[in-house]
Amino acid sequence: MNLILKNGRIIDPSQNIDRIADLIIEDGNVSGIVDAGTGVGDVVRDCTGLVVAPGLIDIHVHLREPGFEYKEDIESGTRAAAAGGFTAVCCMPNTNPSIDTAAVVRQIIERAEQVGSARVYPIGGLTRNMAGDQLSEIADLISAGACAISDDAFPIQNAETMRRGMEYCAQFGVTLMTHNEDQALTHGGAMNEGYNSTVMGVPGIPRVSEDIAVARNIMLAKLTGSKLHLLHISTAGTVELLRRAKADGIMVTGESGPHYWALTDDATQGYNTNAKMNPPLRTPEDNEAIIAGLKDGTIDCIATDHAPHAPYEKEQEFDRAPFGILGLETCFPMTYMRLVQTGVLTLNEAINKMSCIPAKILGLPGGTLAPGSVADVTVLDLNKTWTVAPNNINSKSKNTPFMGWEMVGGAAFTVVGGRIFTPD
Amino acid sequence: MKDLLGLQQTDISDIRRILETASNFKEILARPVKKVPTLRGRSMITLFYESSTRTRTSFELAAKIMSAEAINIAVAQSSISKGESLKDTLRTLQSLTADCVVIRHPSSGAAEMAAEYADIPIINAGDGRHEHPTQGLLDILTIWQHKVVGREDETYPGVINPNRPFDLTGLTVAIIGDLAHSRVARSNVWGLTKLGAKVRWCGPKTLVPVECERLPITLTHSLEEAMTGADVVMVLRLQLERQEKGLLPSLREYCKIWGVTPKSLQVAKPDVLVMHPGPMNRGIEISADVADGVGGIRAAIEDQVTNGVAVRMACLYLLMGGGSGDDE
């Protein structure tokens, strides 16, 4: 069976393609790109006026299954992913049980194959139970299908443990994704340390707590030769450290998400727990540094840190409410509105940072429309306008600081391995 | 005004209205029989998640003087200790037909959150490090009575310039101590500066919150600088565990550098007024001589406590609709 995406503007940064053409998909793989109007197939989708791009990939997502299905599960999380234009997500290991054994990796992959609307690549936990001491059976995790290793949500504090973890990962060539936080400096903190935290009387998380951990992890990556990926960059300091590390030839990459360039800690005013995440929203200066880092390529890719929490968990005292916000469904429009329409990135660069580069960082299938590659495709409608509201969020949870915002841009539909997913 | 959550968000007109009402109520406190029927049939619930003697007792007394029912919830013995959320607790108290909830909570923002989930008035009796508005108001009333009215006449109606009641222009208030953890210091900054006073903050750098220079204050780490020419010195309580948390080398050194003593007061105005929100650590942040007003030092610490009752009566009266005239 073949599928033709007809007359769309095909943008594939991996092949430097940007033209109106037909994309031909055969048996779940891309078979080629032909002149507009010439493609013939069993199923034809007219993409006139739409952008046809390699499927967007979010390498930083919390799907909450197993263990926290009341927040999100693989079914709802991948539905949110598809609605946001993502054809693949990498899910973080802080589940219950955590993703620290091959069995859990396999369970997630199987479940995603049964109920998923997007591909799911589990990320293994660096330490057992994510407790920060004994290493997980990393070789086993990788052979079961883990796409990377991470300490997200439970950052390794002991430098020796991190060194050994990196060494162990390095020998398998697997990327280690780190949440960068020196918790001695953040203990009890609930928001960025600054004027807002002073006025609100909320214990602060200083920016240096991220910078110091980033500096340590970069130095350990240099020492061990590990592939390091910096999760959710929130500070100007991290951007500068990453820039310098790249100039020094250290194997390190980094990501940031829309809230870190579109919002500041002003959003927490009124004790808005839907603006509470870790690392926290920072300052305009950090926004600018992150935007500059995205523009000059210091920050390699865009990822959401999609972190669902149930309403009753967020409806708590600010310091007690859990960290984390949704991201999958607002990421593309926020990128389009705040980076593309403002001229920071071209649309091609944005697609590169949301698809081709994430695939390259973790060596995932997709991220390209080259013949023979998996037919993971995102069809984007740049004229789509919509308002973020509880009833049009596909995630089980509703914790987004963008509630009520007008969005421009979104997915018309996605194709995963040749199968079409159309948002409701 | 539905709630009293903090002086940052309270209009200056509402601040003046509370102070004026409190000034008038002070007369009731001077009577031999302290009881008026104003809030008969109303009920106030105090919901304290932190221990407190003076604030809770002050609210309770204020309610009882005005004939309102005062019900205290001891959090440790309630369903809250079984894990009930603040939201559910507030909804329950509202369904029990309480007319007002006075809340103290260790989390900053808890009072604002309570107000969001309840339709009945919420009074913030201290939320984390954020605000303690009735303390700020009683401090302002005390300063006004001592420094502007110029006499301790408890029947004084509390208005000098009818166009600008409670104007504190020209006064300098130095707040000394653990500013980082102090809700009292924050409420006072907003209240005092709205009424025209100048505020100085002074404390060790480890106990000063970041970027506080952006508040309407002058910051110094030198006690002498803070004291020089001050009309009022407000001394904050030093929590003894600050030393254990590594924020101070020793209480001894704190006392030596930032302790308020007769000697350190010498550079202030001769008629400087010393205040403390209590409870005091004598011999640490404030010397016993200063606390007791020995040697002509003017300390208003007991007046603060009395004014606290009047201010809380005013808040309950204004928020529980005592002024609407529909109660008799």
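Here the structure is a predicted model, which is why all the values come from computation and not from measurement.

A few words on the overall build of chain A. The secondary structure content of chain A amounts to twelve helices and 18 strands. Computed over its C-alpha atoms, the radius of gyration of chain A comes to 20 Å, within 12% of the 22 Å expected for a compact globule of 424 residues. Along the first, second and third principal axes, the C-alpha atoms of chain A reach 60 × 45 × 45 Å. A sequence separation of at least 24 residues applies to 74% of the contacts in chain A between residues at least 6 apart.

The subject of this paragraph is the environment of B:Phe25. All names here are of chain B. One can find Phe-25 in helix α1 (residues 12-29). Put simply, Phe-25 and Arg-40 are 15 residues apart on the chain and 16 Å apart in space, counted from C-alpha to C-alpha. Setting aside residues no more than four positions away along its own chain, Phe-25 makes contact with Met-66, Ala-310, Met-313, Ala-314 and Tyr-317.

If you check helix α7 (residues 236-247) of chain A, its first and last C-alpha atoms are 17 Å apart, about what twelve residues at 1.5 Å a residue would give, namely 16 Å. Among all positions of α7(A), only A:Ala236, A:Thr238, A:Val239, A:Leu241, A:Leu242 and A:Ala245 are buried.

Moving on, we get to the domain arrangement of chain B. All names here are of chain B. Domain annotation for chain B reports domain 1 (12-131 + 306-319) and domain 2 (133-304). Averaged C-alpha coordinates put domain 1 and domain 2 at centres separated by 25 Å. Facing 31 residues of domain 1, the contacting portion of domain 2 comprises 32 residues. The contact between domain 1 and domain 2 buries some 2700 Å² in all, and 57% of this surface belongs to carbon and sulfur atoms.

All names here are of chain A. As for its placement among the helices and strands, Glu-313 is situated in helix α10 (residues 311-314). Here Glu-313 falls in the buried class, since its relative accessible area comes to 11%. Among the polar contacts listed, one links the side chain of Glu-313 to the side chain of Lys-71, at a separation of 3.0 Å. Setting aside residues up to four positions removed in sequence, Glu-313 forms contacts with Tyr-70, Lys-71, Ala-321 and Pro-322.

On to the packing of aromatic side chains. All names here are of chain A. Under the defined criterion, the tally for this structure stands at eight aromatic pairs over all chains. Between Tyr-168 and Phe-172, the ring centres sit 5.4 Å apart and the planes meet at 70 degrees, which makes this aromatic pair edge-to-face. Of this pair, Tyr-168 and Phe-172 both sit in helix α4 (residues 159-172), four residues apart, which is roughly one turn of that helix. Since its relative accessible area comes to 34%, Tyr-168 is described here as partly exposed.

This part is about the pairing of strand β1 (residues 2-12) of chain A. Residue and element names in this part refer to chain A. Extensive coverage of β1 is indicated by the burial of nine of its eleven residues. Bridge count between β1 and strand β2 (residues 17-26): nine bridges; the pairing is antiparallel. From the neighbouring strand, Arg-9 faces β2, where its bridge partner is Ile-20. Turn length for the β1-β2 hairpin, with the two strands adjacent in sequence and antiparallel, is four residues, and the turn residue Asn-16 shows positive phi of about 55 degrees. As judged from the four bridges shared by β1 and strand β4 (residues 43-46), these two strands associate in the parallel manner. Residue pairing for β4: Leu-3 is matched across the bridge by Val-43.

Rules used in this analysis
Residues numbered from 1 in each chain as written. Chains lettered and ligands numbered in written order. Predicted model: local features only at pLDDT ≥ 70, side-chain atom pairs only at ≥ 80, totals over all residues. Heavy atoms only, no water. Helix = DSSP H or I, 4+ residues; strand = E, 2+ residues; numbered from the N terminus. Rg over C-alpha atoms; globule rule 2.2 N^0.38 Å. Contact = heavy atoms within 4.5 Å. Expected span 1.5 Å × (residues − 1). Buried < 20%, exposed > 50% of the residue type's maximum accessible area, 1.4 Å probe, protein only. Domains from an automatic or database assignment. Buried area = accessible area lost by both parts, 1.4 Å probe. Polar contact = N/O pair within 3.5 Å; in protein donor to acceptor, adjacent residues only side chain to side chain. Phe/Tyr/Trp six-rings, centres within 6.5 Å; stacked < 30°, edge-to-face > 60°. Pairing = 2+ DSSP bridges.

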